[in-house]
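Summary of the model geometry
Each chain, letter by letter, is given below.
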Amino acid sequence: MKKLEKADGQSMDIVESNIEQLKELFPEVFAEGRINFDRLQEVLGNYVVTDEDHYNFTWHGKRAAGRLAQTPSTGTLRPCPQESVDWDTTQNLFIEGDNLEVLKLLQKSYHRQIKMIYIDPPYNTGNDFVYEDDFKDGVKNYLAVTGQLDDEGKKKGTNSSTAGRYHTNWLNMMYPRLKVARNLLRNDGVIFISIDDVEVENLKKICHEIFGEDNFVACLPTVMNLKGNNDEFGFAGTHEYTLVYIKDVNSLEDLGGIPLTPEDEGEYDQVDTKGAYKKGATLMRTGKAGAREHRPKGYYPIYVSSDFSRMSLSRKSADDIEVYPKTKKGKDMSWRRSPETLQASLDDFIIVPTKTGGASFYKKQRLEEDRINGKKPKSLFYKAEYSSGNGTEAVKNLLGERVFSNPKPLELIKDFVLVGGGNEEIILDFFAGSATTGHAIYELNSSKEKKLKFILVQLPEPLDPKDKEQKQAIDLCDQLGKPRNLAELSKERLRRVSKKIKEENPLFGGDLGFKVFKLDTSNIKTWEAGFDTLKDDLIAAADYIKQDRSSDDIVFELLLKYGLDLTVPIETRTIAGKKVYSIGMGALVVCLDNDVPMETINGIGALKEELKPEIMRVVFKDSGFKDDVVKTNALQTLKRFGIEDIKSL
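Residues numbered from 1 in each chain as written. Predicted model: local features only at pLDDT ≥ 70, side-chain atom pairs only at ≥ 80, totals over all residues. Heavy atoms only, no water.

**Some thoughts on the overall build of the chain**
Heads up, the condition is: Helix and strand assignments come from DSSP, with helices taken as H or I runs of at least 4 residues and strands as E runs of at least 2, each series counted from the N terminus. When a residue's accessible area, from a 1.4 Å probe over protein chains only, is under 20% of the maximum for its type it is buried; when over 50% it is exposed; and in between it is partly exposed. Note on areas: Shrake-Rupley, 1.4 Å probe, and residue coverage restricted to the protein chains presented here.
Assigned secondary structure in the chain consists of 19 helices and 24 strands. Counting the 649 residues in the chain, one finds 49% classified as buried. For the chain, the exposed surface amounts to about 33,300 Å²; the carbon and sulfur share of it is 48%.

In structure tokens:
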């Protein structure tokens, strides 16, 4: 029986994944399993940098931080149904742990599955909780830093502005997290990052590198305090920034919109048989990405009647005007729509004559559509509802106290999600903090008929009894009987929002729950024998599963290893007295009991015939059979049922 790789208990190997992608693109550069860099350079031609006189943003520790992003995690995520809401049905996740390790663990299950990321990372103001990553064992480091292990001498505290590597420490924290997070984004996925003046320039540089300069969308001044902060030198500060990048700018025609105001609706001053509309975006793409060389299929002629009343994709009259997508200076560009798509929507455009005798085309931006989809937001992000005080007030109304430091305003995050999040997609926030992102998604789903899902990741950052500003947060944790850390407050906010919406909108049948998982070491033992305890260690090693771990713990680690969604349906059945997990309608079947009889094996075969999955994979404990004879018979029986992927722990 083929064994599951059990000694390392690691997440997806990102380096190996990158190599496989390189093989698909350039198979000719591989020889005997190795990369021939001379051959790769020939393939890349003029795109290879061969000298040192080129722009390069670097800092002390950058290479090590990049390697850290590629190092697999040795941890797992343990389920906590007792801390969750609607465990059996919810599609939302709240994961407690170091976000770098968590992002690594999600690589297989959520690779290219995330539509939008929003993060509000530490601004590096000197008061942020920042700790150095451990390049040897990230999970053990996390457990030590957050007080879940005996004192390991790990430094807990802030990144002081007087520190010699003030910016360096912050960059070394952000760089690997953003690199790993990018792998989770869909091609049309968008990331929004809140930041202020201290690190906005550095953040933009590393994002240019990670996401690509061509995929930069905007640096939005985001007004949080219109009155201004008079404590700042020279000018009363009113805003911070939001950086926006897309995974692949060519994968999406545009982002979403924000709700119309009554003043906005007054601008739709033209009417046709389909209703009110206004002049919208031009049909011709603009900017570098819209050039003909980047979108050659978008370069084709449109024919316009001489009286500018008709447009078509073929010449209807000898005096029709032929129009190609060109700038005023004659540069070839591209149309936003393919010929097939445009043919079906010709009536949706306004024809405007140009001074040179040609024509421009503008979309009829319809009121009814924009009431649903919203309007394109402006690059200066401002609403009265974005005031930072509104964020604090929303939390106070729910929890009774000011337990978070500067929580983001709810309306701001809701608008970001409307712009980048789609309708039924997954939104990720791996600096969840006050859980405003989860709150926003609950409200959007209940009021906008969306079916968005969230994954929130938050470090259980310890609260400091010596810090007077954290007293109310500590008092609330004590009242709830919860550990004194930030993640407990985040979960409590979600619980109360969920309860509030259910009470105020009893007819809403959407998802208002969340599954809680916590980062921990793998459920599978690693070989760590000591000289003085060698005999006991050898005996303990006979069972590869740690004694304090449950079957549910192991099942969810298997989901991560197999790349299955953590919210996939899981059914348990008792077959011949043994507990059998059927995951994803039989895509994965797991039995972790001892002394598994042949009746259970035949029952698993019958389960395959009942559920009819395309492929069924089966996992047992290596010690789950009475002897090798039973194990061999089990293997042969399952193969007769057409089950080939059989592994043991």
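**Describing the pattern of salt bridges**
Test applied: The salt bridge definition used is simple: a Lys or Arg side-chain nitrogen within 4 Å of an Asp or Glu carboxyl oxygen.
Considering all chains together, one arrives at 43 salt bridges under this definition. Linking R310 and D320 is a salt bridge whose minimum nitrogen-to-oxygen distance equals 3.0 Å. Residue R310 is found in the loop between β12 (302-304) and β13 (311-312), and its partner D320 is found in the loop between β13 and β14 (321-323); the two are separated by ten residues along the sequence. Here E488 makes a salt bridge to K491, at a shortest N to O gap of 3.3 Å.

**With respect to the pairing of strand β6 (residues 114-119)**
Worth spelling out the cut-off: For two strands to count as paired, DSSP must find a minimum of two bridges between them.
The buried count for β6 comes to six of six residues, which makes it a mostly enclosed element. In this sheet, strand β7 (residues 185-195) lies alongside β6 in parallel orientation, the contact comprising five bridges. Residue pairing for β7: I114 is matched across the bridge by L185. With three bridges joining them, β6 and strand β17 (residues 426-429) adopt parallel strand pairing. Across the sheet, residue I114 finds its bridge partner in β17, namely I426.

**Let's talk about helix α18 (residues 598-611)**
What counts here: Expected span, for any helix, means 1.5 Å times one less than how many residues it has. Working rule for contacts: check all heavy atoms of both residues, and any pair within 4.5 Å makes them a contact.
Compared with an ideal rise of 1.5 Å per residue, which puts 14 residues at 20 Å, α18 spans 20 Å between its outermost C-alpha atoms and is within 8% of the ideal. Every buried residue belonging to α18 is among T600, I601, G603, I604, G605, L607, K608 and L611, and all of these are buried. Looking at the buried residues of α18, the elements they touch are β20 (570-575), β21 (578-583), β22 (588-591), β23 (617-620) and α19 (628-640). Just downstream of α18 lies K612, where phi reads positive at about 55 degrees.

**What about the environment of Q41?**
Following the sequence through the fold, Q41 ends up in helix α2 (residues 37-44). The spatial distance from the C-alpha of Q41 to the C-alpha of V29 is 9.1 Å, given a sequence separation of twelve residues.

**A closer look at the sheet that holds strand β19 (residues 515-521)**
Cut-off, in case you're wondering: In this analysis an axis means a line fitted to C-alpha atoms, helices contributing only their contacting stretch, and an angle means the value between N-to-C directions, from 0 to 180 degrees.
In space, the nine strands of this open sheet follow the order β4-β19-β5-β18-β17-β6-β7-β9-β8, with mixed pairing throughout. Strand pairing shows two members of the sheet lacking a second neighbour, β4 (75-79) and β8 (216-223), which therefore form its edges. Sheet twist, expressed as the average angle between the axes of neighbouring strands with direction ignored, equals 20 degrees. The sheet contacts of helix α12 (residues 410-420) involve β6, β7, β8 and β9 (239-246), and relative to β6 the element is tilted by about 150 degrees. Across the sheet, helix α13 (residues 436-448) lies against β6, β17 and β18 (453-458), angled at about 165 degrees from β18, the strand it touches most.

**Description of the packing of aromatic side chains**
Two descriptors summarise a pair of aromatic rings, namely the distance from one centre to the other and the angle between the planes of the rings. The test is simple: By convention, a stacked pair of Phe, Tyr or Trp rings (six-membered ring in the case of Trp) has centres within 6.5 Å and planes under 30 degrees apart, an edge-to-face pair has planes over 60 apart, and any other such pair is tilted. Lysine and arginine charges are scored as sitting over a ring when NZ or CZ, respectively, is within 6 Å of the ring centre and within 35 degrees of the ring normal.
Summed over all chains, the structure comprises 17 aromatic pairs. Each ring, one from F381 and one from F416, has its centre 5.2 Å from the other, and the planes form 35 degrees; the classification is tilted. Of this pair, F381 sits in the loop between α10 (367-373) and α11 (388-399) while F416 sits in helix α12; the two residues are 35 residues apart in sequence, bridging distant segments of the chain. By relative accessible area, F416 is classed as buried at 0%. Here the guanidinium or amino end of K279 rests over the ring plane of Y362, the centre of that ring lying 4.1 Å away. The ring of W87 is capped by K515, whose NZ or CZ atom sits 4.1 Å from the centre of that ring.

**Re the packing of α11 against helix α15 (residues 486-504)**
The condition that has to hold: Oblique is the label for any angle not under 35 degrees, not over 145, and not in the 65 to 115 range, which are roughly parallel, roughly antiparallel and roughly perpendicular in turn. We call Asp, Glu, Lys and Arg charged. Ala, Val, Leu, Ile, Met, Phe, Trp, Tyr, Cys and Pro are nonpolar, and the rest, Gly among them, are polar.
Interhelical geometry of α11 versus α15 gives an angle of 75 degrees and a closest axis separation of 10 Å. Between α11 and α15, the angle falls in the class roughly perpendicular. Only L489, E492, R493, R496, V497 and K500 of α15 make contact with α11, whose side of the interface consists of A394, V395, L398 and L399. Residue composition of the contact of α11 with α15, by class: six nonpolar, no polar and four charged.

**A look at the packing of helix α14 (residues 471-480) against α15**
For clarity, the cut-off: For any helix crossing, the convention is left-handed if the near helix is rotated counterclockwise from the far helix by under a right angle, and right-handed if that rotation is clockwise.
Following both chains from N to C, one finds α14 and α15 inclined at 65 degrees, their axes separated by 10 Å at the closest point. As the angle between them shows, α14 and α15 are arranged roughly perpendicular. Note that α14 runs across α15; the crossing there is left-handed. Contacts between α14 and α15 involve A473, L476, C477 and L480 on the former and, on the latter, E488, L489, E492 and R496. Partitioned by chemical class, the residues of the contact of α14 with α15 number five nonpolar, no polar and three charged.

**Describing helix α3 (residues 62-70)**
In an α-helix there are 3.6 residues to a turn, and that puts residues three or four apart on one side. Of the residues making up α3, those classed as buried are K62, A64, A65, G66, L68 and A69. Residues of α3 that are buried make contact with α1 (14-25), α4 (99-105), α6 (166-184) and α7 (200-211).

**Quick look at the nonpolar core**
Inside soluble globular proteins, nonpolar side chains tend to come together where they are buried. In plain terms, the rule: Throughout, nonpolar core names a set of buried Ala, Val, Leu, Ile, Met, Phe, Trp, Tyr and Cys residues whose side chains join them through atoms within 4.5 Å. Domain limits in this description derive from either an automatic procedure or a database domain assignment.
Counting 73 residues, the largest nonpolar core has L77, L106, L178, L203, F430, I455 and L566 as the members making the most contacts within it. The two domains that each donate at least three residues to this core are domain 2 (75-259 + 374-520) and domain 4 (533-648). Within the second largest apolar cluster, 52 residues are counted, among which are Y386, F404, Y442 and L489.

**Details of the side chain of E199**
Note the threshold: Note on charges: Lys and Arg go in the positive column, Asp and Glu in the negative column, and His and the chain ends are not counted at all. Contacts described as polar in this section are N or O atom pairs within 3.5 Å, which, within protein, must combine one atom able to donate a hydrogen with one able to accept it, while residues neighboring in sequence count only if both atoms come from side chains.
Looking at the secondary structure, you find E199 in the loop between β7 and α7. No salt bridge is formed by the buried E199. Its closest oppositely charged neighbour is K205, at 9.3 Å. Only 2.6 Å separates the side chain of E199 from the side chain of H167, close enough to count as a polar contact. In this view, E199 contacts Y123, N124, H167 and W170; residues no more than four positions away in its chain are not counted.

**Concerning the confidence of the model for the chain**
The predicted coordinates of low-pLDDT regions are not to be read in fine detail. Applicable threshold: A residue's pLDDT is the confidence the predictor assigns to it, expressed on a 0 to 100 scale.
Looking at the chain, pLDDT values average 88 and 88% of them are 70 or higher. Across residues 151-156 the pLDDT falls below 50, and counting only partners more than four positions away or on other chains, this stretch makes ten contacts in the model. Note that residues 537-541 has pLDDT below 50 and, in this model, seven contacts with residues that lie over four places away or in other chains.

**Some remarks on the environment of R310**
The exposure class of R310 is partly exposed, given its relative accessible area of 26%. The spacing of R310 and F349 is 39 residues in sequence and 9.9 Å in space, taken between C-alpha atoms. If near-sequence neighbours (up to four positions away) are discounted, R310 is found in contact with Y303, V304, S305, K316, S317, D320 and I351. Side-chain polar atoms of R310 contact the side chain of D320, separated by 3.0 Å.

**Considering unusual backbone geometry**
The backbone of N406 sits at a positive phi, close to 55 degrees, despite the residue not being glycine. Note that N406 resides in the loop between α11 and α12. Taking the relative accessible area as the measure of exposure, N406 reaches 53% and is therefore exposed. Unusually for a residue other than glycine, A435 sits at a positive phi of about 65 degrees. Mapping A435 onto the fold places it in the loop between β17 and α13. Classification of A435 as buried rests on a relative accessible area of 1%.

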